[in-house]
Every structure is written in structure tokens, then in C-alpha cells.
Amino acid sequence: MSEKIRVIVAKPGLDGHDRGAKVIARAFRDAGFEVIYTGLRQTPEQVVHAALQEDADVVGLSVLSGAHMTLCPRIMDLMKKERLDDVMVVVGGIIPDQDIPKLKECGVAQVFQPGASTEDIVAYVRQNVRKK
Amino acid sequence: MAKDVSDRVGKGVERTGPFTTVSGVPIERLYTPEDIPDLDYEKDLGDPGQPPYTRGIYPTMYRGKHWTMRQFSGFGTAADTNERFQYLLKHGQDGLSVAFHLPTLMGLDSDDPMSEGEVGKCGVAIDSLADMETLFKGIPLDKISTSMTTNAPATILWSMYLVVAEKQGAHWKKLRGTIQNDILKEYIAQKTYIFPPRPSMKLIVDTFEFGSKHVPQWNTISISGYHIREAGSTALQELAFTLYDGIEYIEWARRSGLDVDEFAPRLSFFFNAHNDLFEEIAKYRAARKIWYKIVTERFHCKNPRSAILRFHTQTAGCSLTAQQPYNNIVRTAIQALAAVLGGTQSLHTNSLDETLALPTEHAAGIALRTQQILAHESGITNTADPLGGSYFVERLTLDMEKGCWDYFERLDAMGGMVAAIEKGFPQREINDASYEYQKAIERKEKIIVGVNEFVMDEEPPIDTLLIDESVTGRQVEQLRKLRETRDNGRVRQTLEALREAAATHNVNMMPSILDCVRAYTTLGEICATLRSVYGVYEEPIF
């Protein structure tokens, strides 16, 4: 894989807990990925627009506000509408076990819960990203 | 401070280490009188209740009265949270502490498109005075003390509380409580800001002025390190940035013409309690001493009460693990122990399930019981500052102080905290520390039980609190009815007066906000008007 993996790290939801998003953005950078961090309080439309504009391979969503079951399905719908089906979406944050199957059903590739290591997340992305 | 004690105590065999605090500070094998050669009892410690207050702010400490057990709670609608408040008061909690949902914290009504999915999730939904009346139904406001965690819209939520008191017939002079109202740590760490720094600082100074005249027992700010630590700072950074935020608030208030001795006694603080017991205790002890020096030496205050640092503590949410969550009860107990040994005035202990969701009633009950066990069973409340004079604790306390003065010098050179925030300095320091900590965990230099060691493959599930999705519907419906039934002409008038006041230089905003609230103008409407005058803050991306 010669070209760099391009990742959008996005923070939808109203909360400002960006510790996880910033740590993972830096871990991706250290792993040699091209990382674009969107900043806080991105609407689903803004996230998908960034994915489109930046020609992303991966979108990493960080949600800690409890609104993931509203925001993630909406983002996945918009991704499909924009024909971004080949972009891998991973989610991290405070996501209860019972919500994981539902998120995967709507197209989220993987969910990382509290305690996940950045090494595991980087390895997952490397192994599963589909380069265009 | 490295010294060789091996000739005295033998080389011995040690584990590989590193022997560092949770913040990465190296710790020696042994501390002896040689580590504190210049410690002067009167100058560095003082008896409890005496300057520089290192050993505590009251002569009797917990022999006089225990700390206030104050559990932060709020979820769903105001009626849901009122029920939880009644439960906590019935079980021996002394004060209330309100958690608002994110739309309220961001100045948005529950029916705003941005609020979708967030209503009642992380706290209670408060859109107008009507919700605040429900929240405190049956709770006499002149009899209890209430803390409200709100920052950007603090003036508005405080106004709602004051108007509820007015309607209950409770005199403002009798009200006790705290609004967090600390916007600097929002730009630095927690990021629930609305307006840019300058108008935000002005609103805060307005509350200092209004409070000292009309609500004299109210803490108009709780200068908070909690969120700085949760965002990943070290203990030293938490302390240094928080105390410097205190300096910045005094500077701004003084520049607007307030007498420091008038409002400084109402400044209160809020710190984190993380896992590293002694580092935390040193942090609290150093905090009191440094604040005493700041207020007397930098600001030349005459009122002795201005120089006394009172603080609330919350155990570290970021230290809790989703894995083997019952272990969190033990972590919280150790952290609470640190807070009490450090002389806290009030305490919130986190519930075991808080990395997964808001706490269940059962989990919240265990958290409160943890404090009661410390207060009534552990014996640590029998004497003030039981660790005073420990070579180790005194050395750590002095190092913590020295580290703070070094940070203060750098912040002074940048032109103060607002300027430092605009340069991204505290934000970058915290980002670096949090990344370093994560890497240390992944290298297993730091062991987190159940996460990177002593892992269980299969864990039994635990029950968590689910916020039922019907909350949004109920809240939005109430809001719709309110907008229909209130006097909308009056609402428009109050908003127009508010806009004028905001656009006028040097007018205290509290009276016009109170008028808006009395007319049932919503929080979202008030904030929209203020945004139209003040603008909004966009964080530079570092």
C-alpha cells in the first residue's frame, strides 16, 4: 500500500469531550495515516461532506453524549446517498453493548468501547480498509 | 531530589518500575528529613485554620462538621430529576447538584434541530422557568444548598433559580449554593462554550457584582480543575491552570472596577480526585497555600476570607473502567479518601457504572454510602490534616507549589490566560499529557486492572440506566404548550431590552436576564439574542 490511508476523525454530538478523538487522531498520524480532524459539534451533513471533500478512506466517529443511535444511523444514510459505501466507518466512545449490533446493521464496520487501545484500532483500520 | 539512601537502608532488590505517579512524576524509594530541610512550620504549613492554610481552612476540620456530600445528578425531564433529588435527600445527602443536559449547556432549546438525540441524555432538560419550577417542586430553596453545573449560560440558569426562590417566598439573601460559571476551563478543556472569551468574561464579572450585592451567600463561580484533569492533564497542570484561571478572573473583575475583597470570598474551587493518593493530597494542600499567597501578595487583599481556598472535589470519571465495572467502587473509595485527607469542603463520588451510562439509583446509592463509610467508619475525620509532617507528603506539596509558580511565570509572560488560550498553550499541554498517558498504558508502564492486565474474557453484563426516548417527545410538547400560553408580547419586550443591554457598554446583564426569565422566555431564545450581539466562539484546531 503505497498511498497513505486518509482518515476523517469527526466529533458529532453536542458534547465537548474531545480527549479520545484527539488521542486517536494523533495515533493515526503516528501510524503514518493522513488525518483530518473536523473539530467539535459536527452535524451528520458536515461529517459526510468532509468525507466527500477529503476523499476519505475511513471515517472515525467519536460520540460520548449518548446520541449515537440518532447520529450514526443518519450519517450512514447520508454516506449511502453520496455513494460513499466504500468508505469504512468506525465508531468510538460511550457505546453500550446492546447498541453495537444495531450500529453494525446500519453499516458501521467496528465499534471501539472505553479501554480500547490505539494499537488495536490502528491495526483494525490497516487490515480492513479498502483502498480505492 | 535524587539521593542515595542505600548505605543506610541497603541496596535491596526493586521491581523494574518506573516508580512514578499517575502524572508521571518520579518518586524516590524513601523520603527522610533531608528531603524537607527548609520546611518552616509557620511559613509553609501553619495550623489548620491559620495562614497559609496548607493544613486546612478550619481549626477543627471534620471534627466541626463533615464535608458536604453532594452527588451530581440530573436526567430526563425536570419531573424525573425532581424524583431523584427527593430520593437523595431522603438518604442523607446534604446538598443538591444539578446536571443539565447538553442542549441546555449549549444554550439551545429541546426543540432545536441540534438537540435531536440529546434531550435528557446527559442531564436534565431545562428550557424555561417552568422546568426549573418543576425541578425544585417541594424543595425549599432557603433550606438547602444547590450547585448548578452550568457555564456559558450560567447567568440564565442562575436567574431561573433566583426567580423560583422569589416565587417560593425565599429571600435571596438566604440562598446558598454555587454556579460553576467557569468559562476559561471550557475553552481549555471541556469545550462547552458559546460566546467568545471577552463577552463571556464580562458576563462572569456581572455575576460577581450582582451576587455580592444581592445574593451574598452564593458562590458565583467554581473555578474548576476537574475537567482539565478529565481531558488528560497531569495533577500539576490541573492545579496550575485552575489557580491561574482564578488569577485571570480577579484581574478582569478588578479592571472593571470591582473591589477584590468584595467578591473574592465568594470564589470557590473544584478539583479532581484521581487514583494517585499522595499526589492528590499534595495537590489540595498546595492549592490552599498558593491561593493564600496569590490573594495576599499579588492582589494585596485585606479581608482574611478572601485568601481562603474552599473547594469541591469529584472523583475521577476518566479513571473508571468499562471492564469489570464493580472494581470502580474501589477506585472511587481511594479517590474519595484522597479528597478527605486533602481537606475538601464537599465531595461527589462517582458511581460504578458511569463509564457506561448515567448511574442507576442502586449505583448512585453505593457511591453515597462510600462517603458515609469514610465519614463515620474510617476514623480519618478525628484529626485535622493527618498526613501533615510526612516527609513524603510535604516534599510532594512543595514540588507541586514550585511547579505552579513556574507555570504562572510562563502564563504571565503570554499576557494572561485568555491570551494563552488564544495561543492554544494550555490545550496543547493537556493534549500532550493525555497522549503520553495513553502510550504509557499501552506500553504497560501503567497498569489498569481489568484493561491491560488481569483481563477477563467473558464478563457478566450489568444493568444500566436507559433514558427512555419518550423524554424528547414529552419535553418538546411541554415547550410547544408554553410558547402558546405565555404572554408572547412580554417575551418580545424582554428580549428587546436584553439585546439593548448587551449592546451597551458596561451594563450589568443580570437584571435584564431576570426579566426575560420571569416572562418565561426560553433559554434558547435568550442565548440566540446574546449570540446575535456577542457572536460565537470557534475553536482553533490544534
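Residues numbered from 1 in each chain as written. Chains lettered and ligands numbered in written order. Predicted model: local features only at pLDDT ≥ 70, side-chain atom pairs only at ≥ 80, totals over all residues.

Digging into the overall build of chain B
Inference 1: For chain B, the count of helices and strands is 21 helices and ten strands.
Inference 2: The C-alpha atoms of chain B give a radius of gyration of 23 Å, which matches the 24 Å a tight globule of 542 residues would have.
Inference 3: Its C-alpha atoms give chain B principal-axis dimensions of about 85 × 60 × 45 Å.
Inference 4: Within chain B, the proportion of its 542 residues that are buried is 51%. (Helix = DSSP H or I, 4+ residues; strand = E, 2+ residues; numbered from the N terminus. Rg over C-alpha atoms; globule rule 2.2 N^0.38 Å. Buried ≥ 20, exposed ≤ 12 C-beta atoms within 10 Å, placed from the backbone.)

Thoughts on the nonpolar core
Inference 1: With 178 residues, the main nonpolar core has A:Val58, A:Val59, A:Val89, A:Val91, B:Leu243 and B:Ala287 as its most contacted residues.
Inference 2: No other element matches the twelve residues that helix 10 (residues 235-255) of chain B contributes to this core.
Inference 3: Formed jointly, this core draws a minimum of three residues from each of two domains, domain 1 (128-441) and domain 2 (470-534) of chain B.
Inference 4: Not counting residues up to four positions away in its chain, the partners in contact with A:Val89 are A:Val59, A:Leu61, A:Met76, A:Met79, A:Gly107, A:Val108 and A:Ala109. (Core = buried A, V, L, I, M, F, W, Y, C linked by C-beta atoms within 7 Å. Domains from an automatic or database assignment. Contact = placed C-beta atoms within 7 Å.)

Some thoughts on the sheet that holds strand 3 (residues 58-63) of chain A
All names here are of chain A.
Inference 1: Overall, parallel pairing links the five strands, which are arranged 2-1-3-4-5 in an open sheet. A strand with exactly one partner marks an edge of an open sheet, and here the two such strands are strand 2 (34-37) and strand 5 (110-112). Here the strands of the sheet are splayed against their neighbours by 20° on average, with no regard to which way each runs.
Inference 2: For strand 1 (residues 6-10) and strand 2, the ladder comprises four bridges, and the chain directions are parallel. Directly across from Val7, in strand 2, lies its bridge partner Val35.
Inference 3: Across the sheet, helix 1 (residues 19-30) touches strand 1, strand 2, strand 3 and strand 4 (88-93), and the angle it forms with strand 2 is around 160°. (Pairing = 2+ DSSP bridges. Axes fitted to C-alpha atoms, helices over the stretch in contact; angles between N-to-C directions.)

Overview of the packing of helix 6 (residues 154-168) of chain B against helix 8 (residues 197-214) of chain B
Residue and element names in this part refer to chain B.
Inference 1: At their nearest, the axes of helix 6 and helix 8 sit 10 Å apart, and the two run at 30° to each other. With respect to their mutual orientation, helix 6 and helix 8 come out roughly parallel. Where helix 6 approaches helix 8, its residues Ala154, Thr155 and Trp158 are matched on the opposing element by Leu203, Asp206 and Thr207.
Inference 2: Looking at the contact of helix 6 with helix 8 residue by residue, the class counts come to three nonpolar, two polar and one charged. (Parallel < 35°, antiparallel > 145°, perpendicular 65-115°, else oblique. Nonpolar A, V, L, I, M, F, W, Y, C, P; charged D, E, K, R; others polar.)

Re the domain arrangement of chain B
All names here are of chain B.
Inference 1: When cut into domains, chain B gives domain 1 (128-441) and domain 2 (470-534).
Inference 2: The C-alpha centroid of domain 2 is placed 29 Å from the C-alpha centroid of domain 1.
Inference 3: Between domain 1 and domain 2, the contact holds 19 residues from the first and 16 residues from the second.
Inference 4: Of all elements in the fold, only helix 5 (129-135), helix 6 and helix 8 reach the threshold of two or more residues within the side of domain 1 that touches domain 2.

Some details on the pairing of strand 3 (residues 95-99) of chain B
All names here are of chain B.
Inference 1: Burial analysis of strand 3 places four of its five residues in the buried class, which makes it a mostly covered element.
Inference 2: Sheet analysis places strand 2 (residues 72-73) next to strand 3, joined by two bridges and oriented parallel. Counterpart to Phe72 in the pairing with strand 3 is Ser97.
Inference 3: What joins strand 2 to strand 3 is helix 3 (residues 78-90), and the crossover it makes is right-handed.
Inference 4: As defined by bridge partners, strand 3 adjoins strand 4 (residues 145-149) across five bridges and the pair is classed as parallel. Bridging across to strand 4, Ala99 finds its partner in Thr149. (Right-handed = clockwise from strand over helix to strand, strands pointing away.)

Here we look at the environment of A:Arg130
Residue and element names in this part refer to chain A.
Inference 1: Tracing the backbone through its elements, the reader meets Arg130 in the segment after helix 5 (118-128).
Inference 2: Its 10 C-beta neighbours within 10 Å are what place Arg130 among the exposed residues.
Inference 3: C-alpha separation for the pair Arg130 and Ala31, spaced 99 residues apart in sequence, amounts to 17 Å.

A few points about the interface of chain A and chain B
Inference 1: Listed as interface residues are 26 residues of chain A and, on the opposing side, 31 residues of chain B.
Inference 2: Among the secondary structure elements, those contributing two or more residues to the side of chain A that touches chain B are helix 1, helix 3 (68-81) and helix 5 of chain A.
Inference 3: Here the residues of the side of chain A that touches chain B sort into nine nonpolar, ten polar and seven charged.

A word on the environment of B:Ala78
Inference 1: Inspection of the secondary structure assignment puts B:Ala78 in helix 3.
Inference 2: Excluding its chain neighbours within four sequence positions, the residues that come into contact with B:Ala78 are B:Val124, B:Ile126, B:Asp131, B:Thr134 and B:Leu135.

Quick notes on helix 5 of chain A
Structurally, the α-helix is built with 3.6 residues per turn, so residues lying three or four positions apart point the same way.
Inference 1: By the burial criterion, the buried members of helix 5 of chain A are A:Thr118, A:Ile121 and A:Val125. For helix 5 of chain A, the angular spread of buried residues about the axis comes to 65°, placing them on one side. Looking at helix 5 of chain A, the residues exposed on the side facing more than 90 degrees away from the buried face are A:Asp120, A:Ala123 and A:Gln127.
Inference 2: Elements that come into contact with the buried residues of helix 5 of chain A comprise helix 1, strand 3, strand 4 and strand 5 of chain A together with helix 17 (425-442) of chain B. (Arc of directions from axis to C-beta.)

Details of the sheet that holds strand 9 (residues 311-315) of chain B
Pairing between the strands of a sheet comes from backbone hydrogen bonds, and it takes one of two forms, parallel or antiparallel.
All names here are of chain B.
Inference 1: In spatial order, the strands read 1-10-9-8-7; together these five strands make up an open sheet with parallel pairing. Looking at strand neighbours, the two that pair on one side only are strand 1 (68-69) and strand 7 (221-224), the edges of this open sheet.
Inference 2: Across the sheet, helix 10 is in contact with strand 7 and strand 8 (267-273); its angle to strand 7 comes to roughly 145°.

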